[in-house]
Amino acid sequence: MRIEIQNMEVFYYKDITEGIVALPAEESKHILKVLRKVPGDSILITDGHGKLFDVEIVEGGRQCIVNSKFNSVRESGRNYYLHLAVAPTKMMERYEWLVEKCMEIGIDELTPILCEHSERKIIKEERLANIAVSAMKQSKNLYLPKINPLTPFKEFIKRPIEGNKCIGYCESTSKDYYFNKITDGSNTMLIGPEGDFSKEELNLAFENGYKGVSLGKTILRVETAAIVACNMVAVKNFKTEQ
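Model, not experiment: these values are computed from the prediction.

### Considerations on the environment of Glu104
Working step 1: Within the secondary structure, Glu104 is located in helix α2 (residues 92–105).
Working step 2: Considered as a pair, Glu104 and Lys33 are 71 residues apart in the sequence and their alpha carbons are 26 Å apart.
Working step 3: Here Glu104 is in contact with Ala135, Gln138 and Ser139, once residues within four sequence places are set aside.

### Quick word on α2
Working step 1: For α2, built from 14 residues, the straight-helix expectation of 20 Å at 1.5 Å per residue is met to within 8% by its first-to-last C-alpha distance of 20 Å.
Working step 2: For α2, the full list of buried residues reads Met92, Arg94, Tyr95, Glu96, Leu98, Val99, Cys102 and Met103.
Working step 3: Once α2 finishes, Gly106 follows within two positions and takes phi at roughly 135 degrees, a positive value.

### Quick notes on the sheet that holds strand β3 (residues 42–46)
Working step 1: Spatial strand order, β1-β3-β4-β5-β2: five strands in an open sheet with mixed pairing. Edge positions in the sheet fall to β1 (10–12) and β2 (19–22), since each has one partner strand and no second. Neighbour-to-neighbour, the strand axes of the sheet open up by a mean angle of 45 degrees, direction not taken into account.
Working step 2: Seen against the sheet, helix α1 (residues 25–34) touches β1, β3 and β4 (51–59) and runs at an angle of roughly 155 degrees to β1.

### Brief notes about the nonpolar core
Working step 1: Within the largest apolar cluster, 32 residues are counted, with the highest numbers of intra-cluster contacts made by Leu84, Val86, Val99, Tyr178 and Met189.
Working step 2: Contributing elements (two or more residues each) for this core: β6 (81–86), α2, α3 (125–139), β12 (186–191) and α7 (222–236).
Working step 3: With nine residues, α7 is the largest single contributor of residues to this core.
Working step 4: Residues Ile113, Phe156, Leu190 and Leu204 belong to the second largest nonpolar core, which totals 16 residues.

### A word on the packing of aromatic side chains
Working step 1: Scanning the entire structure with this criterion turns up three aromatic pairs.
Working step 2: Ring centres 5.5 Å apart and planes at 50 degrees place the aromatic pair Phe153 and Phe197 in the tilted group. Taken together, the residues Phe153 in helix α4 (residues 153–156) and Phe197 in the loop between β12 and α6 (199–207) connect sequence positions 44 residues apart.
Working step 3: The ring of Tyr169 carries Lys175 above its face, with NZ or CZ at 4.5 Å from the centroid.
Working step 4: Positioned above the aromatic ring of Phe179 is the side chain of Lys236, whose terminal nitrogen or guanidinium carbon lies 5.0 Å from the ring centre.

### Concerning the side chain of Ser68
Working step 1: Structurally, Ser68 can be placed in strand β5 (residues 65–73).
Working step 2: A distance of 3.1 Å separates a polar side-chain atom of Ser68 from the backbone oxygen of Thr17.
Working step 3: Ignoring anything within four residues of it in the chain, the contact list for Ser68 reads Ile16, Thr17, Glu18, Gly19, Val21, Phe53, Asp54 and Val55.

Cut-offs applied
Residues numbered from 1 in each chain as written. Predicted model: local features only at pLDDT ≥ 70, side-chain atom pairs only at ≥ 80, totals over all residues. Heavy atoms only, no water. Helix = DSSP H or I, 4+ residues; strand = E, 2+ residues; numbered from the N terminus. Contact = heavy atoms within 4.5 Å. Expected span 1.5 Å × (residues − 1). Buried < 20%, exposed > 50% of the residue type's maximum accessible area, 1.4 Å probe, protein only. Pairing = 2+ DSSP bridges. Axes fitted to C-alpha atoms, helices over the stretch in contact; angles between N-to-C directions. Core = buried A, V, L, I, M, F, W, Y, C linked by side-chain atoms within 4.5 Å. Phe/Tyr/Trp six-rings, centres within 6.5 Å; stacked < 30°, edge-to-face > 60°. Lys NZ or Arg CZ within 6 Å of the ring centre and 35° of its normal. Polar contact = N/O pair within 3.5 Å; in protein donor to acceptor, adjacent residues only side chain to side chain.

Listed below in structure tokens is the structure:
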């Protein structure tokens, strides 16, 4: 059942259950110190898997204690699954922006991939996860995507992945437009680093069932390409509410 939450504060706690619950330190601080919530105030909490709980604050102090009641399961509104595998950008701020915007549009899984031409070889996975949580709460999308560790391209490409598998790259060859390849099932899209995929990486992708696709006639930055791909999948599968 879908409920209206546009005018309500939504918070995240993956272990939320019915009954008296002590919220974690970070959410407690935000609720009590930043938003100045007090006992008797009501908020909503999601577990990041679509479940929504009505919550009344019963105690403040150093930790926020709440009385939680299960409300409903809010459908994601998506009939597809989108997994983006994207090489980290040289400037990490751009990759963090990518995570935020894709979360707002709708993504189910993100894997940072380490490619032959990658300039950045280290990421802070926990920080990306925190950005995803913030974007989830802001957009009131109750489904938190899975963010995987940085994975070498050659390891990722050989994983058994079901559904539609595509790879976007800059090399001027005959490629179909990504929008035409998108399905209403599982979609996995690979996007390389600023220096693009190497020829060996492209060949490995083709050998493992990936189809080469284009995201348009212009050369896009890594983060722009990821957001364009994410938006294409959302638009292709868009359905108005009944």
